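Each chain, written out:
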Amino acid sequence: MEEFFNNIKESFKEATLEFETINIKIDSTEWIDVHKKLRDEFNLKFFSWLSAIDWDNEVSVGEAPKESVSPSFEIITCLSDLDNTNLVTVSTSISKSEPNINSLIDVYAGANWHEREAYEMFGINFENHPNLEKLYLPDGYEGNPMLKSFELISREVKPWPGDVDVEGMPEESESDGSVDG
Amino acid sequence: MVNALDPQNMNSFSEASVSVEIETEDMTLNIGPQHPSTHGVLRLVAKVDGEKVHDVKPVLGYMHRGYEKLAEVRSYPQITTLVNRIDWVAGFSNEIPFIAGAERLMEIEVPERAKHIRLILTEMARISSHFVFNGAYALEVGALTPIFYAMEDRERVLDLIESVTGGRFHPNFNRIGGVKPAAGAGPTSKKNIQDLPAGFYRDTKVAMEKVIQAADQFQNLIGGNEVFKKRTKNVGVLTAETAEAYGVSGPILRASGVKSDLRTQTDYLPYDQFDYDIPVGENGDCYDRWDVRVKEMVESAKIVLQAIDSMPSGPLQAKVPKVIKVPQGRTYVRAENPKGEMGYYIVSDGGLGPYRLKVRTASFSNVSILPIMLEGALLPDLIAIMGSLDFVLGDVDR
């Protein structure tokens, strides 16, 4: 793993190693080339998954980021080799006003369904995808459910049930609230 | 216009009709979403040219419950309940990578005893999942008997899981930092927690011996059956190259000859303390996929027997804060589930719940290979190939 990380570092200077996972941040224009390189030169042939994160300060579900972020989509792929010893995530940022990125299908055929899922859930447009249509959602469904601005209707009707369990516990105010088993 | 019924023309007509090419039209065949062999609600739209299938399009979403969205409005302890229901045939093993991810970000060291209990129950979940596959797959290719044996044997394992966790399918047994005190345990106090129910070791030993016997029985009853061999050998061959590009994992990948098993290659549970084999197939056909799973049941039973003999003593829970807040950071933890690689990518912003939770399930990638495998296959083989992938729709749709 250490040796592999050093090899990666020669090509990608800003790669980081955290929790046994190598993270590489790249520009969205290099998306295809980097994946080709990782597949062919670094033997990362196993395509695990592709997904996206919606970074936004104004959220209608969950909690907003603590520090202000610039609104964008982060797209992440996870690759590994078949010995499973090396695990790499590749991520890039694209703007929310023009959410376009090249499709990875020519590099990893398995990206097909993952990209269709990201397309319907986030509204990301994968260019050159042969069959970019909805995967899970029914025809005629409007909106992209995984966007942070997309409301959960049940939360509108009834507030988060977790509030009942979590709020108002005496330990929360104490600085060191650890308990035994 | 030639009158075909005129005896004078009979001769020339019959000669002419032989040379005429019959134009056939492709028929569109809809399978599911409620076909018994689809393990839930998978729908396939296939074009059929005579007996040959092509252009298969899986239609998903009938079981989509939006767990990734739901996870954003729930706290970490609440999410354990959700993830139980992803692959309901092996509910326990779904919890492990999620809990391990949260523990990793919180830097909690889980006590050895809790890890062992997790490992035992994970392997039991694997055994029960493979029992279901064995029975159901034999049924799909035309053998009625094995499912009755499989269900009876599985019940023994489910009883054990229930005696510890209180639930047969959805245990919800893991806690961040360890496991909860068992359902069948006596009165618990902070000093003396009786974690496993009385007689658990004895019952487990009996049950695991039965599992090994059952696997042997399946090898004779199903594997030795000439009809089964004819239906599965050299059917639905999957090469390792295709499998890895599509992210196909677990027993399907191993049946294609790749010795890839996250249990030995990562350290989410202490598998390195035990001695077991990783069964690998040669041809990557339906028979190999079946065979690998039967052999895996035996290996799992061996792991459980060893784990019981070497069970360490000690606490079940590490010290954790009463209000679980996961520090800012992100991690991807993956585990070898019965159906393949399952993992959770947790993006935490330091709150009560994750900012984003990506669920990577095995069946999703495994099913995405179906259009490739079914291209040009015979219609009767469609069910045999589909069944050999051993997917559960909760695991595909999430």
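Located above this text is the structure these notes cover.
How each quantity is defined
Residues numbered from 1 in each chain as written. Chains lettered and ligands numbered in written order. Predicted model: local features only at pLDDT ≥ 70, side-chain atom pairs only at ≥ 80, totals over all residues. Pairing = 2+ DSSP bridges. Helix = DSSP H or I, 4+ residues; strand = E, 2+ residues; numbered from the N terminus. Axes fitted to C-alpha atoms, helices over the stretch in contact; angles between N-to-C directions. Expected span 1.5 Å × (residues − 1). Parallel < 35°, antiparallel > 145°, perpendicular 65-115°, else oblique. Contact = placed C-beta atoms within 7 Å.

Concerning the sheet that holds strand β9 (residues 356–360) of chain B
All names here are of chain B. With antiparallel pairing, the three strands of this open sheet are ordered in space as β7-β8-β9. Each edge of the open sheet is held by one strand with a lone partner, namely β7 (329–337) and β9. For this sheet the average axis-to-axis angle between neighbouring strands, irrespective of direction, equals 10°. As defined by bridge partners, strand β8 (residues 340–348) adjoins β9 across five bridges and the pair is classed as antiparallel. When the bridges of β9 are listed, Val-347 appears paired with Arg-356.

Describing the pairing of strand β5 (residues 87–95) of chain A
Residue and element names in this part refer to chain A. As judged from the four bridges shared by strand β2 (residues 21–25) and β5, these two strands associate in the parallel manner. Counterpart to Asn-23 in the pairing with β5 is Thr-89. Taken together, the nine bridges between strand β4 (residues 72–80) and β5 define a ladder with antiparallel strand orientation. Residue pairing for β5: Glu-74 is matched across the bridge by Ser-93.

Here we look at helix α5 (residues 112–140) of chain B
An ideal rise of 1.5 Å per residue puts 42 Å on 29 residues; α5 of chain B measures up with 42 Å between its terminal C-alpha atoms. Just past α5 of chain B, the residue Gly-142 of chain B takes up positive phi, approximately 110°.

Let's talk about the packing of α5 of chain B against helix α15 (residues 379–388) of chain B
All names here are of chain B. Two numbers describe how α5 lies on α15: the axes approach to 9 Å, and their chain directions differ by 175°. Taken together, the axes of α5 and α15 are roughly antiparallel relative to one another. Contacts between α5 and α15 involve Ala-136, Tyr-137 and Glu-140 from the former and Ile-383, Ala-384, Gly-387 and Ser-388 from the latter.

Fair warning: the whole summary comes from geometry, so function is off the table for now.
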